[in-house]
Amino acid sequence: MKISENWLREWVNPSISSDDLVAQITMAGLEVDEVLPVASEFSGVVVGEIISADPHPNADKLQVCQVSDGTDTFQVVCGAPNARPGIKIPFAKIGAVLGADFKIKKAKLRQVESFGMLCSASELGVSDDNDGIMELPLSLATGADFREVLGLDDKIIDVDLTPNRSDCLSLAGLAREVGVLNKVDLTPVDIVAVDVAIEDTFPVRVDAVEACPRYLGRVIRGVNVTAQTPLWMIEKLRRSGIRSIDPIVDITNYVMLELGQPMHAFDLANLSGSIVVRMAAADEKIVLLDGQEISLREDTLVIADEKAPLAIAGVMGGEGSGVNAETTDVFLESAFFAPIALAGKARSYGLHTDSSHRFERGVDASLQEKAIERATALILEIAGGQAGAVTHTVNEASLPDAAVVTLRRKKLDQYLAISIEKELVTDILTRLGLEMLEVNDEVWTVKSPSHRFDIAIEADLIEEVARIYGYDNLPSSMPQAAVNFTPLSEGKTPIQALRATLVSQGYQEAVTYSFIDPVLSKQFLPEIEPVPLENPISADMGVMRPSLIPGLVKAYLYNQNRQQSRVRLFETGRRFIGSVEALEDLDQQQQISGLIAGSRHPEAWYHGSEKVDFYDLKAHVEALFELNNGGQPTYERSACEFLHPGRSADIYIDGQFVGLMGELHPQLSKTLGANQPIYVFDIALNAVLNATLPEYKAVSRFPEVRRDLALLVDRSVPVSELERVIVSSAGEGFKNVLVFDVYQGQGIDETKKSVALGLTWQHPSHTLSDEEVNNSVEQTVTALAEQLGAVVRG
């Protein structure tokens, strides 16, 4: 809400500077967004009057004007289209300074001398209007200082209010706050009931009593809508961000800004039968003041007559019933609408008005009569006319009740960490307008005023005391608590170590959404029913992810579409399996997943451009497991549907499935639009975090002995099975086994493969003899033949 500082100081004028006032308002919880000058810096500008305006002899679009400053007449060349005799305008005389350094000098335009400048509103920083020179009311004295006449040594304070403080969406509300903060009395306008001059009334019927428990109306006849709105009112409206329209509309807007009560004026001649406050009928139509036609819903409160809707209650009036240039009689409305009845309605129709902004947050339920009397007095003063009696339609049972709240001394001291004197607390609550029902050393029981409907519970009173006492005056201290540091377990690998390992392999960490497209979920894991979201952000984020892989693949495709072909990504996070019907049925598993695609090395002259393959991925996975000094992973052919059937593997630790890895299925890659193979892994995070404490083993002083075996086995036999049999049968002193060659092709049965293995023995207490090693080799070969059908190649 924007408000003029000068206007605010008309109501309450503490002896503090503008900067201190702004800081004080902000610290009281009413944050000031910005403070702007009402106009630019300028001097030497007076109110001038155009005596004559003749065409320029050498230019079609220029005029030669004779301008009076009340004493002398000056010739000024002007290009504004609205320059004409008889109007008053801002006149910058020779020597005037606009802005920081633009000085007005004698000039010659197309061979005609000009002694000054006629100014537009934008050139003076008064507004953005630059369509022509600024026209001033004829009532202003010619030659008067323009800055002084308009009171431009002023500032606009823009206050950003939280939704609960709608009581400050008015000059009166903000002035109340400033008065309380500074212990200064208010000097509000004196509002008295106007004399009833005519007996005319207009019937009102309220059908929706809960949505509109109070409706006041008044007939005013003989108004002059062509009357000039006073300059002081136009300026106050402008500084609050509202443009002047006509005196009736200007007055209703002015009262809204001044008191906080939105109002509306109907053209009495366009009303039929009576005013009816009711809910709209389904698909009922109304053309609003902004010209758009709205199809109403049944949950919308409307102001209607016997024929049709006239306005969306608390939002905007209709075009057909509004005040226009032909209006002579008006029906003035001042009503209280329940916030719950209007909440969200304007937004649902794509509207937002100053009226809806206030009614949705709440308006003082006792303000309507004061507002209608204030507006009536201003209309009679400015536009003339005769006022009828105010008609009251009130349902007391539906009006909000004033809250009675008890503040306990114990709670106040506990929350503020300070004990404030009872008399000071009482004074603060009293200055806030709260009625004291009971005060003693332990409690304050108060009744909230009608404009403070946000005060409902004890915490609200504590907040009010803290605000007015001053947050800066509350003690600040560091919290004290006994902190018991939990020792880090050496049985866990820090997740930072996993991240560092992958980063060292060229990966970048990604953070993808936990919500994915249901279609994408089915493409990867058709056998899993994903957990649906009740209110998804969008259709393509409708389910919780059953795996981290779809999100990483989507991130890869995003990079691919931006010519980034070499991609390495990893992510740690949860996947969601099960149902949300019961929390115990929803399994939120922590995973670590990764993706690689593109060339093995960054582009450079000193190496080739080989693409990554399954074994690059396998090396990265094994690097994670090597961190924890735990069991070695073993692998089995994977049956996962979204992976390549011949280039994928399930990962096991101690016989337990912990994850999978492999190339994305070519068909799925093609469907998704990938232009090269993508390799992924997905592992249970605990499997790579669980660590085994290292144990010391003495290094043998005796030499190693190695024997190489070339075995013929069926192609379907995995190397891991060969390793398993060798480890179990190689006997005492066996150290390790490694594969150094695999051959398939000419000279070997097409159902077989040749696997060359290096077996190493080393005994901790003596040098192994050839006989011991040969016996171990023979045992191993026999076991391989019996269990796997392996034959030593000759």
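Rules of the game
- Residues numbered from 1 in each chain as written.
- Predicted model: local features only at pLDDT ≥ 70, side-chain atom pairs only at ≥ 80, totals over all residues.
- Heavy atoms only, no water.
- Helix = DSSP H or I, 4+ residues; strand = E, 2+ residues; numbered from the N terminus.
- Rg over C-alpha atoms; globule rule 2.2 N^0.38 Å.
- Buried < 20%, exposed > 50% of the residue type's maximum accessible area, 1.4 Å probe, protein only.
- Areas by Shrake-Rupley, 256 points an atom, 1.4 Å probe, with all protein chains shown as cover.
- Lys, Arg positive; Asp, Glu negative; His and termini not counted.
- Charge placed at Lys NZ, Arg CZ, Asp CG, Glu CD.
- Expected span 1.5 Å × (residues − 1).
- Axes fitted to C-alpha atoms, helices over the stretch in contact; angles between N-to-C directions.
- Left-handed = near helix turned anticlockwise from the far one by under 90°.
- Contact = heavy atoms within 4.5 Å.
- Nonpolar A, V, L, I, M, F, W, Y, C, P; charged D, E, K, R; others polar.
- Parallel < 35°, antiparallel > 145°, perpendicular 65-115°, else oblique.
- Pairing = 2+ DSSP bridges.
- Phe/Tyr/Trp six-rings, centres within 6.5 Å; stacked < 30°, edge-to-face > 60°.
- Lys NZ or Arg CZ within 6 Å of the ring centre and 35° of its normal.
- Arc of directions from axis to C-beta.
- Patch = residues over 30% accessible without salt bridge, like charges linked within 9 Å, V, L, I, M, F, W, Y side chains within 5 Å.
- Salt bridge = Lys/Arg side-chain N within 4 Å of Asp/Glu carboxyl O.
- Polar contact = N/O pair within 3.5 Å; in protein donor to acceptor, adjacent residues only side chain to side chain.

Engineer: Got a sec to walk through the overall build of the protein? Specific residues and values, please.
Structural biologist: Summing up its helical and strand segments, the protein has 21 helices and 38 strands in all. Taken against the 2.2 N^0.38 rule, which gives 28 Å for 794 residues, the C-alpha radius of gyration of the protein at 42 Å runs more than 25% over that of a compact globule. Structurally, the protein occupies a C-alpha span of about 130 × 85 × 60 Å along its principal axes. Per-residue burial over the protein gives 48% buried out of 794 residues. Of the roughly 39800 Å² that the protein leaves accessible, carbon and sulfur atoms contribute 49%. With 69 positive and 113 negative side-chain charges, the protein shows a separation of 4 Å between the mean positions of the two kinds.

Engineer: So what's going on with helix 16 (residues 549-560)? Residues and values would help.
Structural biologist: At 3.6 residues per turn, the α-helix brings residues three or four places apart onto the same side. Taking 1.5 Å per residue as the helical rise, helix 16 with its 12 residues ought to reach 16 Å, and the 16 Å between its terminal C-alpha atoms agrees with that figure. The complete set of buried residues in helix 16 reads I549, P550, G551, L552, V553, Y556, L557 and Q560.

Engineer: Give a description of the packing of helix 14 (residues 495-504) against helix 17 (residues 614-627) that names residues and reports values.
Structural biologist: The N-to-C vectors of helix 14 and helix 17 enclose an angle of 145°; their axes lie 10 Å apart at closest approach. At the point where helix 14 passes helix 17, the crossing takes the right-handed sense. Every residue of helix 17 that contacts helix 14 at A497, L498, T501 and L502 is listed here: A623, L624 and L627. Per-class residue counts for the contact of helix 14 with helix 17 are 6 nonpolar, 1 polar and no charged.

Engineer: Pulling in residues and values, what's your account of the packing of helix 12 (residues 422-431) against helix 13 (residues 458-469)?
Structural biologist: Between helix 12 and helix 13, whose axes approach to 10 Å, the crossing angle comes to 100°. Considered as vectors, helix 12 and helix 13 are oriented roughly perpendicular to each other. Counting all contacts with helix 12, which are made through L424, V425, I428, L429 and R431, the residues of helix 13 involved are L461, E464, V465, I468 and Y469. Classifying every residue of the contact of helix 12 with helix 13 gives 8 nonpolar, no polar and 2 charged.

Engineer: Any chance you could break down the sheet that holds strand 22 (residues 386-394) for me, citing the residues and the numbers?
Structural biologist: One open sheet holds the 4 strands; their spatial order is 14-21-13-22, and the pairing between them is antiparallel. Because the sheet does not close on itself, it has two edges, and the strands there are strand 14 (264-267) and strand 22. The sheet shows a mean angle of 20° between the axes of neighbouring strands, taken without regard to direction. In terms of strand pairing, strand 13 (residues 214-221) meets strand 22 through 7 bridges, oriented antiparallel. Bridged to G217 within strand 22 is T391.

Engineer: Break down the packing of aromatic side chains for me, with residues and values.
Structural biologist: Applying the stated rule across the entire model yields 14 aromatic pairs. Aromatic side chains F42 and F146 sit 6.0 Å apart centroid to centroid with 35° between the ring planes, which places their arrangement in the tilted category. One end of the pair, F42, is in strand 3 (residues 42-55); the other, F146, is in helix 3 (residues 146-149), with 104 residues separating them in the sequence. A relative accessible area of 8% means that F42 is categorised as buried. Seen in terms of ring centroids, F614 and Y615 are 5.5 Å apart; in terms of plane orientation they differ by 90°. Their pairing is edge-to-face. With a relative accessible area of 14%, F614 lands in the buried category. One aromatic cluster is present, built from ring pairs that chain together W7, W232 and Y254. Taking NZ or CZ as reference, R147 lies 4.7 Å from the ring centre of F42, over its face.

Engineer: If you had to explain helix 20 (residues 719-729) to someone new, which residues and values would you point to?
Structural biologist: Every buried residue of helix 20 is accounted for by L722, V725, I726 and S729. The buried residues of helix 20 all sit within an arc of 100° when viewed along its axis, so they share a single face. Turned more than 90 degrees away from the buried face of helix 20, the exposed residues are V727 and S728. Buried residues along helix 20 sit in contact with strand 35 (705-714), strand 36 (734-743), strand 37 (752-761) and helix 21 (770-788). One or two residues past the end of helix 20 sits G731, with phi positive at roughly 85°.

Engineer: Tell me what's going on with the sheet that holds strand 35, and back it up with residues and numbers.
Structural biologist: Here we have 4 strands laid out as an open sheet, ordered 36-37-35-38, and antiparallel in their pairing. Two strands in the sheet have a free side with no partner beyond their single neighbour: strand 36 and strand 38 (791-792). Pairing geometry for strand 35 and strand 38, over 2 bridges, is antiparallel. The partner of L712 across the bridge, within strand 38, is V791. Along the sheet, helix 20 makes contact with strand 35, strand 36 and strand 37, crossing strand 36 at roughly 150°. Sitting on the sheet, helix 21 touches strand 35, strand 37 and strand 38, and the angle it makes with strand 35 is about 15°.

Engineer: Help me get a handle on a negative patch on the surface, residues and values and all.
Structural biologist: A surface patch of negative charge is lined by E31, D33, E34 and D160. A per-element tally of the negative patch places strand 2 (residues 31-37) first, with 3 residues. Mapped onto the elements of the fold, D160 is located in strand 11 (residues 155-160). Given the relative accessible area of 38%, D160 is considered partly exposed.

Engineer: Tell me about the environment of S348, residues and numbers included.
Structural biologist: Inspection of the secondary structure assignment puts S348 in helix 8 (residues 345-348). Overall, the relative accessible area of 39% leaves S348 in the partly exposed class. Side chain to side chain, S348 and R297 meet in a polar contact 2.8 Å long.

Engineer: I'd love a proper account of unusual backbone geometry, names of residues and values included.
Structural biologist: The phi dihedral of R110 falls on the positive side, at around 55°, and the residue is not glycine. Within the secondary structure layout, R110 lies in the loop between strand 8 (107-109) and strand 9 (112-114). The backbone of Q111 sits at a positive phi, close to 70°, despite the residue not being glycine. In this fold, Q111 is placed in the loop between strand 8 and strand 9. On the basis of relative accessible area, Q111 is assigned to the exposed category, the value being 63%.

Engineer: An account of the pattern of salt bridges is needed here, citing residue identities and associated values.
Structural biologist: Within this structure, the stated rule accounts for 41 salt bridges. Look at the salt bridges and you will find they share partners, linking R165, D167, E177, R452, D454, E464 and R467 into a network.

Engineer: For the side chain of Q261, give the residues involved together with the corresponding values.
Structural biologist: Position of Q261 among the secondary structure elements: in the loop between helix 6 (247-259) and strand 14. At 2.9 Å, the side chain of Q261 and the backbone oxygen of A335 are in polar contact. Of the polar contacts made by the side chain of Q261, one reaches the side chain of Q368; its length is 2.7 Å. Excluding residues within four positions of it along the chain, Q261 makes contact with V255, M256, S334, A335, F359, V363, D364, L367, Q368 and A371.

Engineer: Explain the environment of E293 residue by residue, including any values.
Structural biologist: Note on placement: E293 falls in strand 17 (residues 293-295). As for E293 and E319, which are separated by 26 residues in sequence, their C-alpha atoms are 9.7 Å apart. Not counting residues up to four positions away in its chain, the partners in contact with E293 are K285, I286 and V287.

Engineer: Give me the side chain of S334: which residues, what numbers.
Structural biologist: Looking at where S334 falls in the secondary structure, it is placed in strand 21 (residues 330-336). What makes S334 buried here is its relative accessible area of 0%. A distance of 3.0 Å separates a polar side-chain atom of S334 from the backbone oxygen of Q368. Ignoring any residue separated from it by four or fewer positions in sequence, one finds S334 in contact with Y215, L216, Q261, M263, Q368, A371 and I372.

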